[in-house]
Amino acid sequence: MSLTPLTETQASIQQLARGFAADEIAPHAGRWDRESCFPVSVAHRMGALGFLGMLIPEQYDGLGLDTLSYLLALEEIAAADASAAVLMSVHNSLPTQMLLNFGSEAQRQRYLKPMARGESIGAFALSEPEAGSDASSLRCQATRDGDDWILTGTKSWVTSGTFADVILVMARTDLPDARRGSKGISAFVVTPDLPGFHVGKKEDKMGLRASPTVQLDFDGMRVPGANLLGDEGQGFVYAMRSLDNGRLGIAAQAIGIARSALQHSLSYAAERKQFGVPIKEFQAIQFKLADMGARIASARALLHATAAAKDRGESVTMYGSMCKLLASETAMFAATEAVQIFGGYGYVKEYPVEKLFRDAKITEIYEGTSEIQRIVIARELYSA
Ligand code: CAA
């Protein structure tokens, strides 16, 4: 239930995503989680329906939709499966937006168009084993060699890294002994066919188990000069600007998880009887349901207002961080309360809320931890 009045297009996108999620995602999500596997064919099906090119203009084969339409669709997919949602969020918010906003016309024609059609899946490679929250301390090195660049280093926590076709990689282009922090970082468009590319360790994660999260190793990978994105030295700023979008996507994902936790809790509390009555008759349970509902509604209202601000061309650095912070903490709260309402049944894999609990946690960590969101918010409050 959304407070935001929707246009006809927004409502029909929401319905399309809800139907797709119910028919083609939800029935399989438990198995994908158990098997730690997400079929690439499902990603391509998402692409065929337009879910992987929602924010890309029609001239680059996207749907050219507004941000709210995208976030509404993402919430629906996330309510069915958070792993499917993170693929959709990363693809739509990070690599495609980087290409659209900072790429050359040739890069858009070659890489963005197939990504918008969902034929190519995108990934974003910023973090490294030693550079997580402190992203600008990254060490992956790109060195000029004639017209090309030689890329050496390791990236971690790369979503969709096993099957990504186009990866946006941030690397240092200043001299190794002259680290200029964020100023010496550039962005590159790379593809797995380039020599020296290796998919490394696949993480064995607590949640989002269907979504492949991997290390990528670049062993002297030769990258054509034409694959530098935008201006040399601007890669960190491009990544940060893209994460402003990404954080809205993760907020929508978190709201989808929280909503699912609430829906399952409402049904279970109406059916489960203890002391001779359905447990929804107890105030202890009602208060939990009420708090879940109130927190979900407020996180969603802030997200939808922020989407509108973004489409008006306003900076959403602060509100994007607020959305991500509130929504991810709501997801963790709602999933925790859902497990409590289910009691022992909440703790076993036979019931759905155990997966939601595991999936919710990562929303407080990736695309900037809750602590980083608070740093961004506090900085923005001072600069306002
Ligand atoms: N928009 C535009 N520019 C920005 C910006 C933004 N949102 N944030 C920073 N910048 C610019 C700054 O203006 C500055 O530029 P100037 O030097 O020209 O002024 C430059 O970038 C450096 O900024 P800071 O000095 O603020 O940099 P910092 O080193 O202090 O770091 C930080 C700031 C907010 C802590 C940042 O490092 C950060 O967000 N860390 C978290 C990283 C993160 O979210 N990682 C997630 C990786 S993706 C992922 O999770 C995997 C996945 O696939 C899901």
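Residue numbering note: each chain is counted from 1, following its sequence as written. Per-residue local features of the predicted model are confined to residues with pLDDT of at least 70, and side-chain atom pairs are confined, for both listing and counting, to 80 or more; whole-chain, interface and lining totals are unaffected and use all residues. Only hydrogens and water are set aside when side-chain values are computed; all heavy atoms of the structure are taken into account.

Notes on the site of the ligand
If you check the shell around the ligand, you find 25 residues, and the closest are Ser133, Lys183, Arg247, Glu367 and Arg379. Here Thr159 contributes a side-chain N or O atom positioned 2.9 Å from an oxygen atom of the ligand. Coverage of the ligand by the protein amounts to 72% of the 1,100 Å² it exposes when considered alone. The secondary structure listing takes helices from DSSP runs of H or I that are at least 4 residues long and strands from runs of E that are at least 2 residues long, numbered from the N terminus. Counting only elements with at least two residues in the shell around the ligand, the list comes to strand S3 (148-159), helix H7 (235-271) and helix H11 (370-383). Under the scheme applied here, ten amino acids are nonpolar (Ala, Val, Leu, Ile, Met, Phe, Trp, Tyr, Cys and Pro), four are charged (Asp, Glu, Lys and Arg), and all others, including Gly, are polar. Considered class by class, the residues forming the shell around the ligand number 11 nonpolar, 8 polar and 6 charged. Residue ranges for the domains originate in an automatic or database domain assignment. Looking at the shell around the ligand, you find at least three residues from each of domain 2 (122-233) and domain 3 (237-383). Here a residue is considered near a molecule or strand provided that any single heavy atom belonging to it is located within 4 Å of it. Any pair of nitrogen or oxygen atoms within 3.5 Å is treated as a polar contact; in protein, a donor-acceptor pairing is required on top of that, and neighbouring residues in sequence qualify only through side-chain atoms on both sides. A 1.4 Å probe and the Shrake-Rupley method give the accessible areas. Residues count as covered only by the protein chains that appear here.

Observations concerning the packing of H7 against helix H10 (residues 353-362)
Interhelical geometry of H7 versus H10 gives an angle of 155° and a closest axis separation of 10 Å. The pairing of H7 with H10 is recorded here as roughly antiparallel in orientation. In the crossing of H7 with H10, the sense of the turn from one axis to the other is left-handed. Contacts from Ile257, Ser260, Ala261 and His264 in H7 reach Val353, Leu356, Asp359 and Ala360 in H10. Here an angle of 0 to 180 degrees is reported between the N-to-C directions of two axes, which are lines fitted to C-alpha atoms, with helices fitted over the stretch in contact. Every angle not falling under 35 degrees, over 145, or within 65 to 115 is termed oblique; those three ranges are roughly parallel, roughly antiparallel and roughly perpendicular. Each crossing is labelled by how the near helix is turned from the far one, with a counterclockwise turn of less than a right angle marking it left-handed and a clockwise turn marking it right-handed. Note on definitions: a residue-residue contact is assigned when non-hydrogen atoms from the two residues lie within 4.5 Å.

Some thoughts on the pattern of salt bridges
The rule for a salt bridge is simple: a side-chain nitrogen of Lys or Arg has to be within 4 Å of a carboxyl oxygen of Asp or Glu. Evaluation of the coordinates by the stated rule reveals 26 salt bridges. Linking Arg222 and Asp148 is a salt bridge whose minimum nitrogen-to-oxygen distance equals 2.9 Å. One end of the pair, Arg222, is in strand S7 (residues 213-223); the other, Asp148, is in strand S3, and 74 residues separate them in sequence. Burial classes: relative accessible area under 20% of the type maximum marks a residue as buried, over 50% as exposed, and values in between as partly exposed (1.4 Å probe, protein chains only). Classification of Arg222 by relative accessible area gives partly exposed; the value is 36%. We note a salt bridge from Glu337 to Lys288, for which the minimum N-O separation is 3.4 Å. Here Lys288 lies in helix H8 (residues 283-311) and Glu337 lies in helix H9 (residues 317-342), a separation of 49 residues in the sequence. By relative accessible area, which is 15% here, Glu337 ends up buried.

Focus on H11
One less than the residue count of a helix, multiplied by 1.5 Å, gives the span that helix is expected to have. In a regular helix each residue adds 1.5 Å, so 14 residues correspond to 20 Å; H11 covers 20 Å between its end C-alpha atoms and thus fits that length. Of the positions making up H11, those classed as buried are Ser370, Ile372, Gln373, Val376 and Ile377. Projected onto a plane normal to the axis of H11, the buried residues spread over an arc of 160° and lie on a single side. In this structure, H11 carries Glu371, Arg379 and Tyr382 as exposed residues pointing more than 90 degrees from its buried face. Relevant arc is that of directions from the helix axis to the C-beta atoms, nothing else.

Focus: the side chain of Lys205
With respect to the element layout, Lys205 can be found in the loop between strand S6 (197-202) and S7. In this count, Lys and Arg are taken as positive residues and Asp and Glu as negative ones, while His and the chain termini are left out. It turns out Lys205 is buried and unbridged, and the closest side chain with the opposite charge, Asp204, is 8.2 Å from it. Reaching out from Lys205, the side chain makes a polar contact with the side chain of Thr213 at a distance of 2.9 Å. Each residue touching Lys205, except ones within four places of it in the same chain, is listed here: Ser211 and Thr213.

With respect to the nonpolar core
Nine residue types can take part in a nonpolar core, namely buried Ala, Val, Leu, Ile, Met, Phe, Trp, Tyr and Cys, and a core is a set of them joined through side-chain atoms within 4.5 Å. With 97 residues, the main nonpolar core has Phe38, Met88, Leu99, Phe124, Met170, Leu229 and Met292 as its most contacted residues. Looking at this core element by element, the count peaks at 16 residues for H7. Leaving out residues up to four positions away in the same chain, Met170 has contacts with Met98, Phe124, Ala125, Leu126, Leu138, Cys140, Lys155, Ile185, Ser186, Ala187, Gly235 and Ala239. Membership of the second largest hydrophobic core comes to 21 residues, among which are Cys140, Trp149, Leu194 and Val223.

Observations concerning the packing of H7 against H9
In contact at an axis separation of 8 Å, H7 and H9 are set at 20° when each is read in the N-to-C sense. Between H7 and H9, the interaxial angle falls into the category roughly parallel. Crossing geometry of H7 relative to H9 is assigned as left-handed. Class assignment of the residues belonging to the contact of H7 with H9 gives a composition of 18 nonpolar, 7 polar and 3 charged.

In short, the description is geometric, and any link to function would need to be established separately.
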